[in-house]
Amino acid sequence: MRVPARTKQHPHDDAPDTAEAFERLAGLPDGPERQALRDDIVRSWLPMAERIAGRYRGRGESIEDLCQVAALGLVKSVDRYDPERGNAFESYAIPTITGEIKRHFRDHMWTLHVPRRIQDLRNRVRSAMKDLSQTPGRLPTVAEIAAYTQLSDEDVRAGLEALDSFTALSLDAELPGSEDGYALGDSLGQDDGGFDLVVDREAVKPALRDLPERDRTILYLRFFGGMTQSGIAGRLGISQMHVSRLLSGCCAALRERVQAEEAEADEKPRDAA
């Protein structure tokens, strides 16, 4: 939804009577005249929306974006306000604009998606800490915050954890106290391919022991001794073609047995269940 641009600075106090303008707006059908009156109302109240946006300056969002969010809240207020309820427009618009800004922070300013419940807990805990932190250098305890907010200790701890989770820390960020550029990423482990090799070796050992001695010898000479098929053939006194067939057959038999044992192991938990 496009917010009407404000062409000049003027407070809403200088605008025509708001109640009269909304009465006219309610009586007009959709069309250019109604749209023009609606835009005039929005423009006349933009200074108030911008003042509300200014209260949230310095919280990680530019004032220009905050003003846009506040203006959007103002437009919603104008579209939804019902003068027949008897309430002043300002009493309806202020909480609507404020809520729009708070939703913006809650839904768009977190680096990672955080459940709305946790975001609400964070806001309640932060507000309670501000109210309870009367003594300099002393933070309120979990029990004190829980009693103040009527939350459980577990919810208070979740809110406290969320206080430090508003933004994500880069893996390239230098750790506190580090003098040699040691970053957070340097402390994280990496996948070690050697573990997979150990698992594969252990899985194939029983199948290797059950092979005929000649087959084990051919496999050893080829894969551990580094000999060529022709070299193995000359050492064992058989043809190279025969060595090739034996190698293929041994590898296929080992692979089939290991896969069958893995499939059988996967089925055991299901049978037990």
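Above this text you will find the structure in question.
Attention in this report is confined to the structure presented alongside it. (Residues numbered from 1 in each chain as written. Predicted model: local features only at pLDDT ≥ 70, side-chain atom pairs only at ≥ 80, totals over all residues. Heavy atoms only, no water.)

Some thoughts on the overall build of the protein chain
Helix and strand counts for the protein chain stand at 11 helices and zero strands. Counted from the first residue to the last, the protein chain has its helices and strands arranged as α-α-α-α-α-α-α-α-α-α-α. Burial statistics for the protein chain: of 273 residues in total, 30% are counted as buried. Contacts in the protein chain between residues far apart in sequence, at least 24 positions, make up 56% of those at least 6 positions apart. (Helix = DSSP H or I, 4+ residues; strand = E, 2+ residues; numbered from the N terminus. Buried < 20%, exposed > 50% of the residue type's maximum accessible area, 1.4 Å probe, protein only. Contact = heavy atoms within 4.5 Å.)

Quick look at a negative patch on the surface
A contiguous patch of negative charge on the surface is contributed by Asp191, Asp192, Asp196, Asp200, Glu262 and Asp266. Where the negative patch is concerned, the elements lending two or more residues are helix H8 (193–209) and helix H11 (240–272). The residue Glu262 is located in helix H11 in this model. By relative accessible area, which is 44% here, Glu262 ends up partly exposed. (Patch = residues over 30% accessible without salt bridge, like charges linked within 9 Å, V, L, I, M, F, W, Y side chains within 5 Å. Areas by Shrake-Rupley, 256 points an atom, 1.4 Å probe, with all protein chains shown as cover. Salt bridge = Lys/Arg side-chain N within 4 Å of Asp/Glu carboxyl O. Lys, Arg positive; Asp, Glu negative; His and termini not counted. Charge placed at Lys NZ, Arg CZ, Asp CG, Glu CD.)

Describing the nonpolar core
Generally speaking, soluble globular proteins have nonpolar side chains that are buried together. Counting residues in each nonpolar core, the largest one holds 28 residues, and the members touching the most others are Ile41, Leu74, Val78, Phe89, Ile97 and Ile101. Top element by residues in this core is helix H2 (residues 32–54). It accounts for nine residues. Excluding its chain neighbours within four sequence positions, the residues that come into contact with Leu74 are Val42, Trp45, Leu46, Ala49, Phe89 and Ile97. Formed by 12 residues, the second largest nonpolar core is a distinct cluster that contains Ala207, Leu221, Ala233 and Leu247. (Core = buried A, V, L, I, M, F, W, Y, C linked by side-chain atoms within 4.5 Å.)

Let's talk about the layout of surface pockets
Counted as a void, the largest pocket has a volume near 580 Å³. Together, 16 residues line the largest pocket, and Asp200, Val204, Leu208, Phe224 and Leu254 are the ones closest to its centre. Put simply, the parts of the chain that give the lining of the largest pocket at least two residues each are H8, helix H9 (213–223) and H11. Looking at the lining of the largest pocket element by element, the count peaks at six residues for H8. A breakdown of the residues in the lining of the largest pocket according to their chemical character gives 10 nonpolar, no polar and six charged. (1 Å grid on protein atoms, 1.4 Å probe; cavity = no way out; pocket = protein on both sides within 12 Å on 5 of 7 lines; lining within 4 Å. Points joined across faces, edges and corners; volume = space filled by probe spheres on them. Nonpolar A, V, L, I, M, F, W, Y, C, P; charged D, E, K, R; others polar.)

Some details on a positive patch on the surface
Positive charge collects at one region of the surface, where Arg59, Lys102, Arg126 and Lys130 lie side by side. Within the fold, Arg59 resides in the loop between H2 and helix H3 (63–80). The class for Arg59 is partly exposed, based on a relative accessible area of 43%.

Brief notes about helix H5 (residues 116–132)
With 17 residues, H5 extends 24 Å from end C-alpha to end C-alpha; this agrees with the ideal 24 Å at 1.5 Å per step. Here H5 has its buried residues at Ile118, Gln119, Leu121, Arg122, Val125, Ala128 and Met129. (Expected span 1.5 Å × (residues − 1).)

Topic: the pattern of salt bridges
A full pass over the atoms with the stated rule returns nine salt bridges. Residues Arg38 and Asp79 are paired through a salt bridge, measuring 2.7 Å at the closest nitrogen-oxygen approach. Here the residue Arg38 occupies a position in helix H2, and Asp79 occupies one in helix H3, the gap between them amounting to 41 residues. Taking relative accessible area as the criterion, Arg38 reaches 10% and is therefore assigned buried. Between Glu100 and Arg103 there is a salt bridge whose closest N-O contact spans 2.9 Å. Placement of the pair is Glu100 and Arg103 together in helix H4 (residues 89–108), with a separation of three residues, close to one helical turn. Taking relative accessible area as the criterion, Glu100 reaches 9% and is therefore assigned buried. Through salt bridges with shared partners, a single network forms among Arg38, Asp39 and Asp79.

Points about the packing of H5 against helix H6 (residues 142–149)
It is at 10 Å that the axes of H5 and H6 come closest, and there the two elements cross at 105°. Here H5 is positioned roughly perpendicular relative to H6, judged by the angle of their axes. Contacts between H5 and H6 involve Arg124, Val125, Ala128, Met129, Asp131 and Leu132 from the former and Glu144, Ile145, Tyr148 and Thr149 from the latter. Per-class residue counts for the contact of H5 with H6 are six nonpolar, one polar and three charged. (Axes fitted to C-alpha atoms, helices over the stretch in contact; angles between N-to-C directions. Parallel < 35°, antiparallel > 145°, perpendicular 65-115°, else oblique.)

Brief notes about the packing of aromatic side chains
For any pair of aromatic rings, geometry is given as the distance between the ring centres together with the angle between the planes. Applying the stated criterion to the full structure yields six aromatic pairs. Measuring from ring centre to ring centre gives 5.0 Å for Trp45 and Phe89, while their planes differ by 70°; the resulting arrangement is edge-to-face. Of this pair, Trp45 sits in helix H2 while Phe89 sits in helix H4, placing them 44 residues apart in sequence. The burial state of Trp45 is the same as that of Phe89; both residues are buried. Where Tyr220 meets Phe224, the ring centres are 5.7 Å apart and the plane angle is 15°; that geometry is what we call stacked. Residue Tyr220 is classed as exposed on the basis of its relative accessible area, which comes to 51%. (Phe/Tyr/Trp six-rings, centres within 6.5 Å; stacked < 30°, edge-to-face > 60°.)

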